[in-house]
Amino acid sequence: MASWLGGLGSGLGQSLGQVGGSLSSLTGQISSFTKDILLEGAEEVGDAATELHMSNSRLREIESINAAQKLENERLKKVCSDLEEKHEAAELQIKQLSVEYRNQLQQKEVEISHLKARQNALQEQLQKVQTAAQSAQLGTDVLPPAATSASYIPVVRHSSGFEGDDMDFGDIIWSQQEINRLSNKVSALESEVDHWKHVALSSKAERTNDTEQSEICKLQNIIKELKQNLSQEIDEHQHELSVLQDAHRQKLVEVSRRHREELSEYEERIEELENQLQQGGVCTDAMDNSKIHEQQKSSPCLEGGQLEELQVVKDLEDEIKKLNHKLSSAKEENKILLTEQELAKAEKIQIMQEYENLKSNFSKLQSSVAEQDALLKEQKKKLQAKTSLPEDVVRLQQALLEAENEIARLSSINQEGLEKELTSAQHKNEEIISVSAENQSSELSQLREDLKRKEQELNESIAERETLIEELEELDKQNQEANQHMITLKEQLSKQHTETDNIIEQLRVDIDCERKKVSELEIEKMETLRELDSQKEKLSQCSYALNDLHISKQQLQDNIKDLQEQLSKAQDCNLHNNKEIGELRQRLREREEELSVSLSKLTEKSNQESSYICQDVILKEKEVEIEKLQKDISENKQLNEDLEKSLSDLRTENGKLIADIEELNQELSNTTSEKNKVYLEKDAVVEALKMEKRQLESELNQTEKRLLEQAQKYKQTIEELSNARSMDTTALQLEHERLVKLHQEKDFKIAELKRSIEQMEIDHQETKEMLTTSLGGQKQLTELIKEKEVFIDKLKNQALQVKQELEEYVQASENQDALKQNLEEKERSLAVMKEENNHLKEEIERLKDQQSRSTPVVEPKTLDIIIELESEVTQLKVIKNNLEEEIEVHKKTIEDQNQTTAQLQQSLQEQRKEIDESKFQCEQMNVTHERLSMEKDEEIKNLQKTIEQIKSQLHKERQIIQTDSSDLFQDTKVQTLNGENGNEKHDLSKAEIERLVEGIKEREMEIKLLNEKNVSLSQQIDQLSKDEVGKLNRIIQEKEMEIQALNARFSSASYRQDVLCLQQQLQAYVREREQVLAVLSEKTRENSQLKTEYRNIMDMVAAKEAALVKLQEENRKLSNRSENSSEDMSRETIQNLSRIIREKDIEIDALSQKCQTLLTVLQTSGTGTGNGSGGVNSNQFEELLQERDKLKQQVKKMEEWKQQVITTVQNMEHESAHLQEELHKLQAQFSVESDSNSKLQIDYNGLIESYEQNEEKLKSFSQELAQVQHSIGQLHNTKDLLLSKLDLVTPSVATTSTASQLSDTQYNTPEVLSDESKLLQKELKQLKKKLQEKDSTIRTLQENNQRLSDSVATASEMERRNQEETESEMRQIKEKHDVLQRSLREKDILIKSKSDQLLSVSENLSNKENENEVLKQAVTNLKERNLILEMDIRKLKEENEKIVARCREKETEFRALQETNMQFSMMLKEKEFESHSMKEKALAFEKLLKEKEQGKTGELNQLLHEVKSMEEKAVTFQQERDQVMVALKQKQMESSALQSEIQRLREKEQRLNQELERLRNHLLEMEDSYTREALAAEDREVKLRKKVLVLEEKIASSSTAVENASHQATLQVESLQEQLNLVSKQRDETVLQLTISQDQVKQYALSLANLQMVLEQFQQEEKAMYSAELEKHQKQTAEWKKKAESLEEKVVSLQESLEEANAALDAASRLTEQLDIKEEQIEELKKEGEIRREMLEDVQNKLMNLMNSTEGKVDKLLMKNLFVGHFHTPKSKRPEVLRLMGSILGIKKEELDQLLSEDQRGVTRWMTGWLGGGAGSKSVPNTPLRPTHQNIFNSSFSELFVKFLETESRPSLPPPKLTVHDMKPLGAAGTGTPSRSQMQDSAVSGTSRRPDTNPFLAPRSAAVPLITPVSNSGHLLMKPISDALPSFTPLPVSPDASAGAVLKDLLKQ
């Protein structure tokens, strides 16, 4: 049984340990997986809505994981409690079984000894019979006794060797079977003996009977068959036993092996699942990319179904072991697909991207939720399977078969390739869906409903986004600036985070190592108990798993905080975010409720366990526990020192972190101030640009003015929305802070839960230590048994040594396993560190690549990095808080342990005191027994001395005195003798002694008190002084004087009158005596009534003891009074009795002296003897009266005490009534408060309902808004169509003006030809001719143009009318839109007010909850007070019980004293009688003397005296009779009281006797059975003897049969000897195996020691490695800090330059936005311009020819006019006319100045110059050109503007970075910028759709397109910026020029 139980326990322990290990690994992998997913999500997600959905999904995942972990915790707790209960039950069963088996073994040993004796006797008889038979026939020996004795003795030894607790129950059963076999053999031998006796008798009686010979043969054959059957059955039983034991062990081994294999398989599956979950992040990206194509084609519902099917396929494929390689190849393919699909994404439209990203993120959410649901289901199933494993082996085997089938099936699937798996996955999907359709139909419908709902929300949010993108574009600038600033912050914080992470991981590793060391030390302490050790390991594993789970919880909650911070930044401008916050609040409330429930459960469980532990501590704690606790305290102190060291390190690190945070705050404040400055500059620039825009719009068209008005209105709305956004951000920040506080509170609650779990673990350890102590007590019992049996001890010691060595080996293997686990954990931590280092190196390389790139790029991860940094800062803070909390918890636990140790020491001391007291009481008992015997001997000696004295005085009365003295002390002697005899009897059975100890103690106390009082009285009697003898002599003289007076009276003649008087007096005395007797009888009745009343009162007091709570002092007073009164009464009675005895003794002595003197006189005189009379003793009536007075006083005292008790009881009833009233009041208050709480809850529920209704209204409003916005968008589209139609019409108007301008410029071109002369003039003439021809053609063309313009004007008027109508409609729509916006704002204000109301209500609720908590505390305090009062009541009850016991003892003492009193009164009466007799004798002697003197006269007097003496004797005899009657009545009353007590004691004795009788009957039955068997055997012997006498005559004929029988017997003996030899060989083999196993154990111990040494060295090396790596990391962090500081400086400078550039860019972007509308017109004009250019080139060629021909010629009219004008002008202005002429003639400025200066001197040269310098003149009028206009014939204003922008935008500083869309994607192989054709495509589609990027996260270029793409038609101003300028670069400004200067130059040009 024990082996089976032990095997089961060990199997359970191993399975649970493996479950705990798998759980810990599972939780660790889950935590790492969640970290990776969160990091991937932070890197991938770029949109606010997607972040929202991701955070929601993660919250749900975390909640589901939390719930699963709670369920697992509860399940593990249940399993632990069940195992503990089973363990306790098994221990109790084992104890009971061990006790029963011990008793049975003792009985069986006694039986064996009896059977041995009987066997030896029977063998001797057999030998005698056989020798007689053989001597008669052949003289051969039948059975040698040595052989038979040798064949049985070792078997007995073997059976007796198995005794004790460490023995296996199988061995015990085997020994029982051995005993049965031996008894069977004995019975067989007895039957043989009977047979041979019968044969011998029959041989003697009738030798001729052949019938009896046939009977003998039959009997012999039967005996042979029976023996053969016996031996066969014994062999079969032994074989079956061995086979069963082997089969049982094999089964256990197989079950444990299968269990371990299955556990390992499950762990591998869990690890594969976690790996695939980690890979799920990559897979989901690929899935999203594939979904982008699918969502364009199919509906999202089908996609959700396909996703779920794919997830089911994945879940099935996760169980395959070899899928990791295939998944890695799939990963690579996914990466390739990612690169291709991201390139495809970049090609696609920006507006489509946002929609698709939203859908893909939503599908990611669904996929992750579904995956984790499936995983949780699988894990729950597996966990359920794991929990059900140890319950039933059959279920385990079934599960194993199913798992093997699954593995076989999956392995067959696995053998196929990846392609086959992918193809078969769809078929499997269909099969699995068909199978699990019933289970998953509800879940699929719910998921589809969620999908539809989420898609509706997505559509709404997209519609809102489309309206708000224009407003959010300006906000993107702020995001960009914040991103660029926070990059540097993130780098610093990431380095600090890596440092702190390394330190924290090292600390955790150290803490884990120390914990494992502690567990190893505990294992070494508990070497002797395997089961308890295994349970401790299970609990430690569970605690590690729980710690891991809590750590993972904290990490997940930190991640939640990070996500909420991200949300707080991204939730600024969406009403949808308010809904999300409401959902988060509800979830937080649910979590609070769950936490409160879990806390309450934990508190209940801890209370239960604490109460259970307290009981165990009171029952089982001993000195061993103190030593263990002290060791634990020392270990805890060491742990505390280590933790304090780690605390100091963490505090320093925290200080550093706080300083860094302060620096970051300062930097943030600086950046905010810089941002404000930038905003002011931007506002100024915007105002300037607005003015310029208005001017340009006035020049362009009236349509552009209308567009300007619309833009201004939009700007106003944007400003309003930005204001609203700022308001929303403040509110959201407040809510975010509140949420952070709530999360901190949750962390504190989790820490409290950890503390409670640690306390539970400590309690479990204490309970286990208690169990170890109890088992130690059992071992002590086994050692006592071992001391009795020396031979058994040797075998036991060998077995114990083997077991200890095996246990040491097992512990060594367990230590090795623990060390292996440590190594594996450290390897994992190293791998994690390496991975983190690789990640850091990759990030460093990436940063270096980004720095080295010269192309302008923008980091995509800026926001993610900032968010990660903030999350890391919060994580560090949380970790710091958690560590501080853990340290506080450790301190508290140490204090609690110290308190518990002190309490334990106190309880131990109390137990020691109790043990000492009990020992002392036992010793006192022994001493008192001895003292009593000594005192009784002394009393007997004293009495003998007194008797001898009396003998010497009075030989005649010696017999009376001896009888009286012997009668006096017979009762006490009998009592003591009975007690001693009882003690001797009780020594026989120890169990009965323990039950009867209490009764014996009470009796012994009574005997002690009585004996002490008897001794004191005897001493007082012995110590009579001589003074009292003198007093007695005086009294005798007085009596003699009275006798003489009486003689004188009698001698007178009037003696007859005296006789009559005396008779009258006698009658009066008789009457008085009767009256006194009546009074005494009344008093005795009153006394009995008072006693009954007293008993009733005592019963009342006992009934109302519960009410006596606050009356300890009064009770003490009452107890003191009762003690004093009883003591006073006893003292008074003793004093009275001693006084009376002294008086009587004095009288007796005096009388004896008189008698001696009289005898001497008589002897001398020689006269005869006579009779005399003595005087009447009157002291008896006085004594009776005194006793009556004393009894009255006692009765009065008892009545007073009764009244006092009644008053106290009444007072207690009044107080209890008051307390009940107060309780009712408190209950009423509590009910009122509960009603108020229920009302508050109802109000709170109503508020929640109203809030939900408001949310529904908000949703409806948002839907209406979306519809309105949709309608506005449609109107915008119609407006754009109308404007495009208008623009098609208008360009013809602008062509004329442009043509004229072109002609002007083209006429003015030939400035170069001013120096050439005549040759050119000829060419000019030719050109003039050609010009005239062309003019004619131009005129015709102009006419055609005028006709066309007229037709266009008519069309434009029509279009304008239509446009005015559309504008009126637009205004109406805008008014409606404004109204709706106002209503929205009002509703926002309402929502804010409602939220404020909600907050106030929640504050009120929290206040009410606090009040409730205060009330609960008050209630708990009242409960504690009630408990204290109940404890006081119990104490008072105990005190009352003690007082009652004392009173009973006092009553017993009082009764004993009364008994002694009565005995002494009897003694007194006897002595009085003696004194009377002595007096009579003295009087007789005196009379004889007087007779001799007086002679005959004296004879008459003598007769009279005799008559009087006879009368006096009669009177005295009557008085004595009355006294005896009174005494008898008193004794009857006392005997009735004593009988009641005796009945109570008899009932106790009857109960005890019944138990004794039951046990005795059981023993008697056993003995009767044995005696019956013995009697039957004796009867058989008698019968056999008779038969032997009959068969002795037939022995001669039956000698042959005897020989055959003897031969068979010898054969059987030989077979038995062979069996014995085999058994001895087996024993030797087992001894050899023992020695071999001992050697192996020693070898294993040596190898263990070597391994431990190697491990210690390895740990030291690891420590050195860690320290070196730490130093390296610290150096690297220092270097990176320096680099980060330098990068910060660079970033600051770049930011300054960027701000100025962005200011200019804003102006340019706004211009380009307005110019976008005219692109189509410009394209059309381009086409016309190209046609005109061709014409103009022809005209230019002709003009050149004309110029060349007419260059030398001068227009006569012109020269004439100039000449005449020169002379007509005043002289002061004539130089100007001359200059004009010179400019016409092409004279240079310097030459003109020279000519004019010479003109002042004389007019000699101007004529020659005018006539001779005609070569330089020109006939064609020209205007001077600017240097910028040289050689640019085909350039427009827009081209010039663009070229200016190009020249100004060449970056002097390093350019900014790429946009998100131009960046290299995460999985792509290389970056790719979109080509020009792509940009064109995107631009074409950009007119109808918006870019699909997050306005918060997208950079400037994505949100505001700086460059419109190239189109084939449109206005010239709307041409694209030249190809040299990249599409993504902003317009930075040179460091010398500011933004204002650039804009001024722009506007001037």
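Owing to the predicted nature of the structure, the values given are computational and were not obtained by experimental measurement. (Residues numbered from 1 in each chain as written. Predicted model: local features only at pLDDT ≥ 70, side-chain atom pairs only at ≥ 80, totals over all residues. Heavy atoms only, no water.)

For the protein chain, the count of helices and strands is 37 helices and zero strands. Residues counted as buried form 39% of the 1949 residues belonging to the protein chain. Here the protein chain displays about 112,000 Å² of accessible surface, and carbon together with sulfur accounts for 54% of that area. (Helix = DSSP H or I, 4+ residues; strand = E, 2+ residues; numbered from the N terminus. Buried < 20%, exposed > 50% of the residue type's maximum accessible area, 1.4 Å probe, protein only. Areas by Shrake-Rupley, 256 points an atom, 1.4 Å probe, with all protein chains shown as cover.)

It is worth spelling out a positive patch on the surface at this point. A cluster of basic side chains, namely Lys1318, Lys1322, Lys1325, Lys1328 and Lys1329, defines a positive patch on the protein surface. Counting through the fold element by element, Lys1328 comes out in helix H26 (residues 1318-1494). (Patch = residues over 30% accessible without salt bridge, like charges linked within 9 Å, V, L, I, M, F, W, Y side chains within 5 Å. Salt bridge = Lys/Arg side-chain N within 4 Å of Asp/Glu carboxyl O. Lys, Arg positive; Asp, Glu negative; His and termini not counted. Charge placed at Lys NZ, Arg CZ, Asp CG, Glu CD.)

Scanning all chains against the criterion turns up four aromatic pairs. Between Phe1763 and Phe1767, the ring centres sit 4.7 Å apart and the planes meet at 75 degrees, which makes this aromatic pair edge-to-face. Taken together, the residues Phe1763 and Phe1767, both in helix H30 (residues 1756-1768) and four residues apart, mark about one turn of the helix. Residue class for Phe1767 comes out partly exposed when judged on its relative accessible area of 43%. The ring centre of Trp1680 lies 4.3 Å from the NZ or CZ of Lys1683, which sits over that ring. (Phe/Tyr/Trp six-rings, centres within 6.5 Å; stacked < 30°, edge-to-face > 60°. Lys NZ or Arg CZ within 6 Å of the ring centre and 35° of its normal.)

On to the pattern of salt bridges, then. Evaluated as defined, the whole model comprises 29 salt bridges. The salt bridge involving Lys561 is made with Asp747; its shortest N-O contact spans 3.0 Å. Taken as a pair, Lys561 in helix H12 (residues 530-570) and Asp747 in helix H15 (residues 702-788) lie far apart in primary sequence, 186 residues in all. We note that Lys561, like Asp747, is buried. Here Arg587 ties to Glu583 by a salt bridge, and the two come within 3.9 Å at their closest N and O atoms. Of this pair, Arg587 and Glu583 both sit in helix H13 (residues 576-620), four residues apart, which is roughly one turn of the helix. With a relative accessible area of 13%, Arg587 lands in the buried category. Given the relative accessible area of 31%, Glu583 is considered partly exposed. Each of Arg118, Glu190 and Arg1580 takes part in salt bridges that share partners, so that together they form one network.

The next thing to look at is the confidence of the model for the protein chain. Mean pLDDT over the protein chain: 76, with 75% of residues reaching 70 or higher. When the elements of the protein chain are averaged for pLDDT, helix H3 (residues 145-160) gives the smallest value, 39, and helix H28 (residues 1599-1716) the largest, 90. Taken together, the stretch residues 41-45 has pLDDT below 50 and engages in 17 contacts with residues farther than four places along the chain or on a different chain. Segment residues 1802-1833: pLDDT under 50, and 48 contacts once partners within four positions in sequence are set aside and those in other chains are kept. (pLDDT = per-residue confidence, 0-100. Contact = heavy atoms within 4.5 Å.)

A separate point is the side chain of Glu935. As for its placement among the helices and strands, Glu935 is situated in helix H17 (residues 862-953). Ignoring any residue separated from it by four or fewer positions in sequence, one finds Glu935 in contact with Asn1011 and Val1015.

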